[in-house]
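So the chains spell out like this:
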Amino acid sequence: MSQQYDFLIVGTGLFGAVFAQQAREAGKSVLLLEARDHIGGNCHSEAHPGTNIIVHTYGTHIFHTNSREIWDYINRFTGFNRYQHRVLTTHRDRVYAMPINLGTINQFYGVNLRPSEVPAFLESKKGNIPNPANLEEKAISLIGEDLYGAFIKNYTIKQWGCDPRELPANIITRLPVRSSYHDSYFNDKYQGIPLEGYTPIFERMIEGIPVEMGVDFLAERDYWMSRARQVVYTGPIDRFFGYEHGRLNWRSVRFETELVDVEDYQGTSVMNYADIEVPFTRIHEPRHLHLEKEQTPGKTVIIREFSQVDNDRPYYPVNFAEDREKLAKYQEMATREGNILFGGRLAEYKYYDMHQVIGSALQKARKVLGGEDQTSV
Ligand code: UDP
């Protein structure tokens with residue numbers, strides 16, 4: 001008779017790893033399953049062979065949060081450097097600050113506005129859209145047609161593979177619009193890159209917990225379910241239910257990595273490409289994430305990011321109206337699965353950032369493990 005566990009956790013991404021860590025800390029026995037050949041989900045990182053540059057395998061991940069509790073929690077497993085994320089975007093061979101700030105506006109229009117003049121200036125550019133109902137309307141209501149057309153429209157078409165009018169408005173409210181020259185991508189109080197990348201965080205979180213690698217839980221669901229009293233599932237929710245109500249739309253990305261013989265290729269960690277003629281959405285140059293480190297001289301790694309559909313590597317929940325209808329049906333089915341908890345970006349079909357996944361995993365773990373829930377995350 002194989003060993004019975006208190007928890008079977010499907011997936012070693014952030015939700016699964018945090019939940020597992022909390023369960024183990026509460027004295028529970030845990031078994032982790034991982035379909036891939038590495039832990040950490042899309043946070044996984046590894047050293048680029050031939051250089052000592054740490055590469056985030058699934059695209060640049062910047063840790064940021066406003067929550068002291070989440071910051072303290074993640075700091076139990078890693079130190080952070082003092083990196084502050086700044087993004088630039090290339091439009092018609094010129095480089096601008098992103099998100100749109102006073103510098104972007106002044107450079108784009110060839111003006112020299114002061115902060116106090118920005119609201120009236122943008123007001124004169126904005127369309128009159130009283131109730132913006134989609135990404136395009138929301139963006140135009142915030143910044144007007146010109147800036148939208150230059151920096152948002154084509155990037156969004158490339159990134160999401162659809163008309164921005166089909167996308168929910170809240171995707172664009174992730175980005176602030178600033179009337180100052182402040183160019184930090186995030187407004188959060190705490191921010192940084194883990195000193196040794198993300199993978200060691202996961203190794204420490206799940207230390208001592210058995211992990212079965214390369215396992216497709218759904219292919220042998222009954223067997224694995226029989227191994228534990230409670231299951232935590234962090235894979236795609238539509239796949240769990242055999243696509244009974246159809247597939248949810250996911251957006252994926254593909255990376256082309258290149259080692260180039262210059263020490264600094266683009267002068268920054270992430271350069272966006274706003275124009276439709278450029279087939280990739282951005283170029284990552286990870287050495288810029290670790291200015292505190294001695295890194296290989298004379299060489300750098302660059303990674304071009306192409307957006308695509310690939311249901312085997314889901315990244316972004318697209319959230320079309322049809323997806324929201326399907327999701328409601330799957331969520332209803334999930335409520336009837338007594339001992340299965342669904343959590344994380346894939347199982348909740350939510351465009352979570354890392355700190356939000358941690359907050360959600362901590363809250364759910366506390367609820368299930370019976371501790372007092374005092375979080376406000
Ligand atoms: N976006 C854009 N132009 C940019 C950067 C972002 O139009 O230069 C839009 C795009 O629709 C994107 C959304 O803003 O999907 C959110 O961007 P964010 O950087 O938060 O996306 P992530 O880093 O999660 O891919």
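Small disclaimer: the values here were computed from a predicted structure and weren't measured.

Peer 1: Before we go on, may I ask you to explain the environment of Q84 in this structure?
Peer 2: As for its placement among the helices and strands, Q84 is situated in the loop between α2 (68–75) and β6 (87–91). Contacts of Q84, omitting those with residues within four sequence positions, involve S184 and Q191.

Peer 1: How should helix α3 (residues 102–109) be read in this particular structure?
Peer 2: Given 3.6 residues to a turn, an α-helix orients residues that are three or four positions apart in the same direction. Looking at α3, one finds that the buried residues are L102, G103, T104, I105 and N106. Packing partners of the buried residues in α3 comprise β7 (94–98), α4 (118–125) and α5 (135–160). One side-chain oxygen of the residue at the start of α3 lies 2.8 Å from the amide nitrogen of G103, identifying that residue as N101. Taken from the residues just after α3, G110 is the one with a positive phi, measuring 65°.

Peer 1: Would you mind showing me how to read the site of the ligand here?
Peer 2: Around the ligand, a shell composed of 16 residues is seen, among which T156, W160, Y185, Y316 and Y351 lie nearest. Measuring from an oxygen atom of the ligand, one finds a side-chain N or O atom of Y185 at 2.5 Å. Y351 is positioned such that a nitrogen or oxygen atom in its side chain is 2.6 Å from an oxygen atom of the ligand. Taken by itself the ligand offers 530 Å² of open surface, and the protein chains cover 92% of this. Looking at which element gives the most residues to the shell around the ligand, the answer is α5, with six residues. Of the residues that constitute the shell around the ligand, the class distribution is 11 nonpolar, three polar and two charged.

Peer 1: Teacher, can you tell me more about the sheet that holds strand β15 (residues 316–317) here?
Peer 2: Adjacent strands of a sheet pair through backbone hydrogen bonds, lying either parallel or antiparallel. Within the open sheet, the seven strands sit side by side as β7-β6-β12-β13-β14-β11-β15. Their pairing is mixed. Each end of this open sheet is capped by a strand with a single partner; those strands are β7 and β15. Pairing analysis gives nine bridges linking strand β11 (residues 250–260) to strand β14 (residues 300–308), with the strands arranged antiparallel. Opposite R254, over in β14, you have F306 as the bridge partner. Across the face of the sheet, α3 comes into contact with β6 and β7 while running at roughly 150° to β7.

Peer 1: Looking at this structure, I do not really get the pattern of salt bridges. What am I missing?
Peer 2: Within this structure, the stated rule accounts for 15 salt bridges. Salt-bridge contacts for D72 lead to R68; the nearest nitrogen and oxygen are separated by 3.1 Å. A residue pair is termed a helical-turn pair when its members lie 3 or 4 positions apart in one helix, as D72 and R68 do in helix α2 at four residues. Ionic pairing is found between E348 and K364, a salt bridge with its closest N-O pair at 3.2 Å.

Peer 1: I would appreciate a short explanation of the sheet that holds strand β10 (residues 228–233) in the present structure.
Peer 2: Reading across the sheet, the five strands line up as β9-β2-β1-β10-β16 and stay open at both edges, with parallel pairing between neighbours. Of all strands in the sheet, those bounded by a partner on one side alone are β9 (211–213) and β16 (340–342). Shown here is a sheet whose adjacent strand axes are inclined to one another by a mean of 20°, direction ignored. Of the pairings in the sheet, the one linking strand β2 (residues 30–34) to β9 comprises three bridges and is parallel in character. Paired with E34 across the bridge in β9 is M213. Relative to the sheet, helix α11 (residues 354–369) contacts β1 (5–10), β10 and β16, its axis offset from that of β16 by approximately 160°.

Peer 1: How should unusual backbone geometry be read in this particular structure?
Peer 2: Trans peptide bonds make up the majority, and among non-glycine residues the majority have a negative phi. The linkage connecting M98 with the following residue, P99, adopts the cis geometry, with an omega of 0°. Looking at the secondary structure, you find P99 in the loop between β7 and α3. Backbone geometry places N319, a non-glycine residue, at a positive phi of 70°. Here N319 lies in the loop between β15 and α9 (321–335).

Peer 1: What should I look at first to understand the packing of α3 against α5 in this one?
Peer 2: Two packed helices can be described by the angle between their axes and the distance between those axes. Contact geometry for α3 and α5: axes closest at 12 Å, N-to-C directions at 100°. With respect to each other, α3 and α5 are oriented roughly perpendicular. Counting all contacts with α3, which are made through T104, I105, F108 and Y109, the residues of α5 involved are D146, L147, A150 and F151. Of the residues that constitute the contact of α3 with α5, the class distribution is six nonpolar, one polar and one charged.

Quick notes on the rules
Residues numbered from 1 in each chain as written. Predicted model: local features only at pLDDT ≥ 70, side-chain atom pairs only at ≥ 80, totals over all residues. Heavy atoms only, no water. Helix = DSSP H or I, 4+ residues; strand = E, 2+ residues; numbered from the N terminus. Contact = heavy atoms within 4.5 Å. Buried < 20%, exposed > 50% of the residue type's maximum accessible area, 1.4 Å probe, protein only. Polar contact = N/O pair within 3.5 Å; in protein donor to acceptor, adjacent residues only side chain to side chain. Near = heavy atom within 4 Å. Areas by Shrake-Rupley, 256 points an atom, 1.4 Å probe, with all protein chains shown as cover. Nonpolar A, V, L, I, M, F, W, Y, C, P; charged D, E, K, R; others polar. Pairing = 2+ DSSP bridges. Axes fitted to C-alpha atoms, helices over the stretch in contact; angles between N-to-C directions. Salt bridge = Lys/Arg side-chain N within 4 Å of Asp/Glu carboxyl O. Parallel < 35°, antiparallel > 145°, perpendicular 65-115°, else oblique.

Distances and angles like these do not, on their own, reveal function.
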